[in-house]
Amino acid sequence: MDIQPYEMNHQPKKRRFFPSLFASVTGAVLGSIATLYLAPILGIHGITPSTQSVENKKTAVVEQSATSNSTLPLQPTSSSSNSMINAIENVTEAVVGVVNIQQQTNFYSNYSQDQEAGTGSGVIFKKSGNDAYIVTNNHVIEGANKVEVSLANGERVTADIVGTDPLTDLAVLKINGQHVKKVASFGDSSKLRIGEQVAAIGNPLGLDLSRTVTEGIVSGKRTISVSTSAGEWDLNVIQTDAAINPGNSGGALINSAGQVVGINSLKISEEGVEGLGFAIPSQDVKPIVEELLQYGKVKRPYLGVGLQDVSDFPSTIRLEQLNLPKDVTEGVVITAVEPSSPAAEAGLQAKDVIIAVDGTKIDSVSTLRKYLYTQTKVGEQVNIELLRDGKKINVSLKLSERGESQQ
């Protein structure tokens, strides 16, 4: 394109001014006369040129309005009124990064040094005096020699492990609270409805993506079997399609009120599977956290026995060594009895098969654990129904506090 300079100061020649003015005036007069005499003939009554211009504008406005009404109107929006955005802003600073640091030894030099073994997330839920407390997943800090917490302002501080519970995959940490300005509040997860809007906040794939937010709905409420470092456990979970990735573990699942309703813990990551993330409900987190704060562990009743599912044994062993009837294919086999344990004092023996406790059917080790840990307390008396050499017997047993390695 050829761009020519524009001459701002160019002036017209004076000799052309008067002829042009005369022609303009003459044209205006003749036009007015023509309009005056021709208006009645053309059917234009009482409309002056200026009035006609205004009327044309009115017509244009009406036509534009009709056009707008014939399409989908767009209403004004305001992000400040979005409750979920407000909820996220209210909680984000209370979500922290959790760094698992383990001691690594060089095979050749035998020199040991601390190295980051992994990262996860956590939620600040309490501040008392100079201390602040964080709930996270046990698997995030399991095996750590040292734990650090990355705060919202980027500062990293050392954390003390207050208590852990491998079975429910929860842990509580403590840090210096002088830089903590935000504490999350927990809501009642039992009130959640399927389809309710939720958001997951955490640190997927490391601290570089700290406090990432993903949004979804409550897809379901489930009980799923999980393998933990303390054994198999039937875990109550909130299912959500909000994206949960490695590093999100221990982070917050919040509702539109800005309340933490779950602790993000796991997902199904099989090929072709999407939108299957799970969080531990706040109603289950609360009692565990309270015990960890008080005792540093969860006090659970135990029997003092080794256990294995009946279904794990081939039929020949069930029939010939356990002497079970052919129709008994479920239950829990006692494989060993610890001396001086509640089981030993009650007279339980190896090869006994537990089939019920207090009238509740027991079909697996996880079912037995679930019943003992959720329906009974330390010091209570329970009635155990079992098969010994194929014969039913009932044994009364007083539960004691669970030890570190007993079931």
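Residues numbered from 1 in each chain as written. Predicted model: local features only at pLDDT ≥ 70, side-chain atom pairs only at ≥ 80, totals over all residues. Heavy atoms only, no water.

**Q** Even after reading the chapter, I still don't get the overall build of the protein, so can you show me in this structure?
**A** When helices and strands are counted, the protein shows 8 helices and 20 strands. Residues counted as buried form 37% of the 407 residues belonging to the protein. A separation threshold of at least 6 residues defines the contact pool for the protein, and within that pool the share at least 24 residues apart is 62%. Surface exposure of the protein reaches about 23,700 Å², of which carbon and sulfur atoms provide 50%. (Helix = DSSP H or I, 4+ residues; strand = E, 2+ residues; numbered from the N terminus. Buried < 20%, exposed > 50% of the residue type's maximum accessible area, 1.4 Å probe, protein only. Contact = heavy atoms within 4.5 Å. Areas by Shrake-Rupley, 256 points an atom, 1.4 Å probe, with all protein chains shown as cover.)

**Q** I tried to follow the sheet that holds strand E3 (residues 131-136) on my own but got confused; where do I start?
**A** Spatial strand order, E1-E2-E3-E6-E5-E4: 6 strands in a closed barrel with antiparallel pairing. Looking at each pair of strands side by side, their axes are set apart by 40° on average, direction ignored. The sheet contact formed by strand E1 (residues 95-105) and strand E4 (residues 146-150) spans 5 bridges and is antiparallel. What sits directly across from Val99, in E4, is Glu148. Helix-sheet contacts for helix H5 (residues 282-295) involve strand E2 (112-128), E3, strand E5 (156-165) and strand E6 (170-176), and the interaxial angle to E6 is about 55°. (Pairing = 2+ DSSP bridges. Axes fitted to C-alpha atoms, helices over the stretch in contact; angles between N-to-C directions.)

**Q** Explanation requested: the side chain of Asn138 in the structure shown.
**A** Assignment of secondary structure puts Asn138 in helix H4 (residues 138-141). Under the relative-accessibility criterion, Asn138 is labelled buried at 4%. When residues no more than four places from it in sequence are discounted, the contact partners of Asn138 are Thr164, Asp165, Pro166, Asp169, Leu170, Ala171 and Ser229.

**Q** Which parts of the structure should I look at to understand the confidence of the model for the protein?
**A** Segments scoring low in pLDDT should not have their predicted coordinates read at a detailed level. Mean pLDDT over the protein works out to 81, with 79% of the residues at or above the 70 mark. Confidence scores differ between elements of the protein, with helix H2 (residues 49-69) showing the lowest mean pLDDT of 42 and E6 the highest of 97. Here residues 1-30 scores under 50 on pLDDT; set against residues more than four positions off or in separate chains, the count is 0 contacts. For residues 77-81, every residue scores under 50 in pLDDT, and the model assigns this stretch 2 contacts once sequence neighbours within four places are set aside. (pLDDT = per-residue confidence, 0-100.)

**Q** It is not clear to me how the pairing of strand E9 (residues 231-240) should be interpreted in this structure. Could you clarify?
**A** For a regular strand, side chains alternate in direction, first toward one face of the sheet and then toward the other. Taking burial as the measure, the 10 residues of E9 include 8 buried ones, the bulk of the element. Sheet topology places strand E8 (residues 212-228) next to E9; 10 bridges connect them, and they run antiparallel. Each bridged residue has a counterpart across the sheet, and for Arg222 the counterpart in E9 is Val237. Counted between consecutive antiparallel strands, the loop separating E8 from E9 contains 2 residues. Sheet analysis places E9 next to strand E12 (residues 277-281), joined by 3 bridges and oriented antiparallel. Bridge pairing in E12 links Gln239 to Phe278.

**Q** I would appreciate a short explanation of the sheet that holds E9 in the present structure.
**A** By definition, the strands of a sheet pair up through backbone hydrogen bonds, in either a parallel or an antiparallel sense. The 6 strands are arranged E7-E8-E9-E12-E11-E10 in a closed barrel whose pairing can be described as antiparallel. Across the sheet, the axes of successive neighbouring strands diverge by a mean angle of 50°, strand direction being ignored. The sheet contacts of H5 involve E9, strand E11 (260-267) and E12, and relative to E12 the element is tilted by about 50°.

**Q** Which parts of the structure should I look at to understand the pairing of E8?
**A** Summarising the sheet, strand E7 (residues 197-202) and E8 pair through 6 bridges and their orientation is antiparallel. If you follow Gly202 over to E8, its bridge partner there is Thr212.

**Q** Quick question: what am I supposed to make of the pattern of salt bridges here?
**A** As a working rule, side chains carrying opposite charge can pair if their charged atoms are close by. Within this structure, the stated rule accounts for 9 salt bridges. Note that Lys286 and Glu290 form a salt bridge whose closest N and O atoms lie 2.8 Å from each other. Of this pair, Lys286 and Glu290 both sit in helix H5, separated by 4 residues, roughly a single helical turn. Classification of Lys286 as exposed rests on a relative accessible area of 51%. Using a relative accessible area of 41% as the deciding quantity, one classes Glu290 as partly exposed. Residue Lys297 is joined to Glu401 by a salt bridge in which the shortest nitrogen-to-oxygen separation is 3.2 Å. Taken together, the residues Lys297 in the loop between H5 and strand E13 (301-302) and Glu401 in strand E20 (residues 400-401) connect sequence positions 104 residues apart. By relative accessible area, Lys297 is classed as partly exposed at 31%. Members of the salt-bridge network, linked through shared partners, are Glu116, Lys146, Glu148 and Arg156. (Salt bridge = Lys/Arg side-chain N within 4 Å of Asp/Glu carboxyl O.)

**Q** When you look at H5 in this model, what are you seeing that I'm missing?
**A** Three- or four-residue spacings in an α-helix give side chains the same orientation, since the helix completes a turn every 3.6 residues. With 14 residues, H5 should cover 20 Å at 1.5 Å per step; its first-to-last C-alpha distance of 20 Å lies within 8% of that length. For H5, every residue scored as buried is listed here: Ser282, Val285, Ile288, Val289 and Leu292. For H5, the angular spread of buried residues about the axis comes to 125°, placing them on one side. In H5, the exposed positions that point more than 90 degrees away from the buried face belong to Lys286 and Gln294. Where H5 is buried, its residues contact E2, E3, E5, E6, E11 and E12. One or two positions beyond H5, positive phi appears at Gly296, with a value near 80°. (Expected span 1.5 Å × (residues − 1). Arc of directions from axis to C-beta.)

**Q** Can you help me understand the packing of aromatic side chains in this one?
**A** Working definition: an aromatic ring pair is given by the centre-to-centre distance plus the angle between the planes. This model, assessed by the stated rule, comprises 1 aromatic pair. The ring of Tyr133 has Lys126 lying over it, and the distance from NZ or CZ to the ring centre is 5.5 Å. Stacked on the ring of Tyr373, the Lys or Arg Arg300 has its end atom at 5.2 Å from the ring centre. (Phe/Tyr/Trp six-rings, centres within 6.5 Å; stacked < 30°, edge-to-face > 60°. Lys NZ or Arg CZ within 6 Å of the ring centre and 35° of its normal.)

**Q** Looking at this structure, how should I read the nonpolar core?
**A** Nonpolar side chains in soluble globular proteins tend to be buried together. Formed by 68 residues in total, the largest nonpolar core has its most connected members in Val149, Ile175, Ile254, Leu303, Leu368 and Ile384. Grouped together as the second largest cluster of nonpolar side chains are 10 residues, Leu192, Ala200, Ala242 and Val261 included. (Core = buried A, V, L, I, M, F, W, Y, C linked by side-chain atoms within 4.5 Å.)

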